[in-house]
Amino acid sequence: MAEPKENEFLDDIEEAEAEEYAQSLDDLADEAVELDELRAERDQMKDRWMRALADAENSRKRGERARREAEQYGGSKLARDMLPVFDNMKRAVESITEEQKASSAALIEGLELTMRELLNTFSKHGIDMVSPEVGDKFDPKMHEAMFEAPLPGTKAGEIIQISAEGFMLHDRLLRPAKVGVSSNPG
């Protein structure tokens, strides 16, 4: 009879070991679930960090582009407002007669110097003149047609008269050249 008691003791040990083994499996499963949750949280944080980093880089590039554009084109309103001054100065210089040049040489020279200085200032700030020639092809991106007229000896779409020069600020059109265009049929 002593043996059955010993066997009972062995059964208890086996049950205890089985319970302990089951408990350790549960602990491992809990740790695996927790580890998976931590990995998912880490991946989510990494994704958010990468997006924030990309957003910061995009903001930096946008700011740099805005700064560059402000530097190049910030004075476009003033430049556009100065174009009528150029037009008036040009008309004044072109209307000078030889008689006036002789009698008011100093005044005329001052006007011409002022005109050259205005053009130099335009050039220094990236404002270039668009000067089409009679006979050039009309380009709606650079020219504004003020009128159309049939002129013998010309083709349709050719410039027949220049009313006013156009101006570019770097690569943007400030004012198109104002021209007359031939409307002769082919």
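Below is a short write-up of the structure. Note that this is a predicted model, so its numbers are computed, not measured.

Definitions and limits used
Residue numbering note: each chain is counted from 1, following its sequence as written. The model is predicted, so local features are restricted to residues of pLDDT at least 70 and side-chain atom pairs to those at 80 or more, both for listing and for counting; the totals for chains, interfaces and linings are taken over all residues. With hydrogens and water excluded, all non-hydrogen atoms of the structure serve as input to the side-chain values. The secondary structure listing takes helices from DSSP runs of H or I that are at least 4 residues long and strands from runs of E that are at least 2 residues long, numbered from the N terminus. Think of it in three bands: residues with accessible area under 20% of the maximum for their type are buried, residues over 50% are exposed, and the middle band is partly exposed, with areas taken using a 1.4 Å probe on protein chains only. In this analysis, rings of Phe, Tyr and Trp, with Trp reduced to its six-membered ring, are considered paired at centre separations within 6.5 Å, and the interplanar angle assigns stacked below 30 degrees, edge-to-face beyond 60, and tilted for intermediate values. Remark: a charge is flagged as sitting over a ring if the NZ atom of Lys or the CZ atom of Arg is within 6 Å of the ring centre and within 35 degrees of the ring normal. A strand pair is defined by DSSP finding two or more bridges across the two strands. Here an axis means a line fitted to C-alpha atoms, over the contact stretch when the element is a helix, while the angle between two N-to-C directions is reported on a 0 to 180 degree scale. In plain words, nonpolar cores are sets of buried Ala, Val, Leu, Ile, Met, Phe, Trp, Tyr and Cys residues tied together by side-chain atoms within 4.5 Å. Here, two residues are considered to be in contact whenever any of their heavy atoms come within 4.5 Å of each other. Note on definitions: salt bridges are taken to be side-chain nitrogens of Lys or Arg within 4 Å of carboxyl oxygens of Asp or Glu.

Observations concerning unusual backbone geometry
For His170, which is not glycine, the phi torsion reads 55° and is therefore positive. Looking at the secondary structure, you find His170 in the loop between strand 4 (166-169) and strand 5 (172-175). Classification of His170 as partly exposed rests on a relative accessible area of 35%.

Some words on the packing of aromatic side chains
One pass over the structure, following the stated rule, counts three aromatic pairs. Ring centres 5.2 Å apart and planes at 85° place the aromatic pair Phe86 and Phe167 in the edge-to-face group. With Phe86 in helix 2 (residues 76-94) and Phe167 in strand 4, this pair connects stretches of sequence that are 81 residues apart. Judged by its relative accessible area of 1%, Phe167 is buried. Seen from their ring centres, Phe122 and Phe167 are 5.7 Å apart, and the 80° between their planes marks the pair as edge-to-face. Residue Phe122 is located in helix 4 (residues 105-124), and its partner Phe167 is located in strand 4; the two are separated by 45 residues in the primary sequence. Just as Phe122 is buried, Phe167 falls in that class too. When the ring centre of Tyr73 is taken as reference, the NZ or CZ atom of Arg172 above it lies at 3.8 Å.

Quick word on the sheet that holds strand 6 (residues 177-182)
Sheet architecture is open: three strands sit in the order 2-6-3, paired in mixed fashion. Either end of the sheet is taken by a strand with one partner, and the two such strands are strand 2 (143-149) and strand 3 (159-164). In this sheet, neighbouring strand axes are inclined to one another by 30° on average, regardless of whether the strands run parallel or antiparallel. For strand 3 and strand 6, the ladder comprises four bridges, and the chain directions are antiparallel. When the bridges of strand 6 are listed, Gln161 appears paired with Gly180.

Observations regarding the nonpolar core
Tyr73, Ala79, Leu83, Phe86, Met89, Met115, Leu118, Phe122, Ile127, Phe167, Leu169 and Leu174 form the largest nonpolar core, which has twelve residues in total. Setting aside anything within four residues of it in sequence, one finds Met115 in contact with Phe86, Met89 and Lys90. Grouped together as the second largest cluster of nonpolar side chains are six residues, Val130, Met168, Ala177 and Val179 included.

Section: the pattern of salt bridges
According to the stated counting rule, one finds twelve salt bridges in the structure shown. Residue Glu64 is joined to Arg68 by a salt bridge in which the shortest nitrogen-to-oxygen separation is 3.6 Å. Separated by four residues within a single helix, Glu64 and Arg68 lie in helix 1 (residues 2-73), roughly one turn from each other. Overall, the relative accessible area of 31% leaves Glu64 in the partly exposed class. By relative accessible area, which is 42% here, Arg68 ends up partly exposed. Notably, a salt bridge pairs Glu71 with Arg67, separated by 3.0 Å at the nearest N-O pair. One end of the pair, Glu71, and the other, Arg67, are both in helix 1, four residues apart, so they sit about a helical turn from each other. Overlapping salt bridges, with partners in common, bring together Glu64, Arg67, Arg68 and Glu71 in one network.

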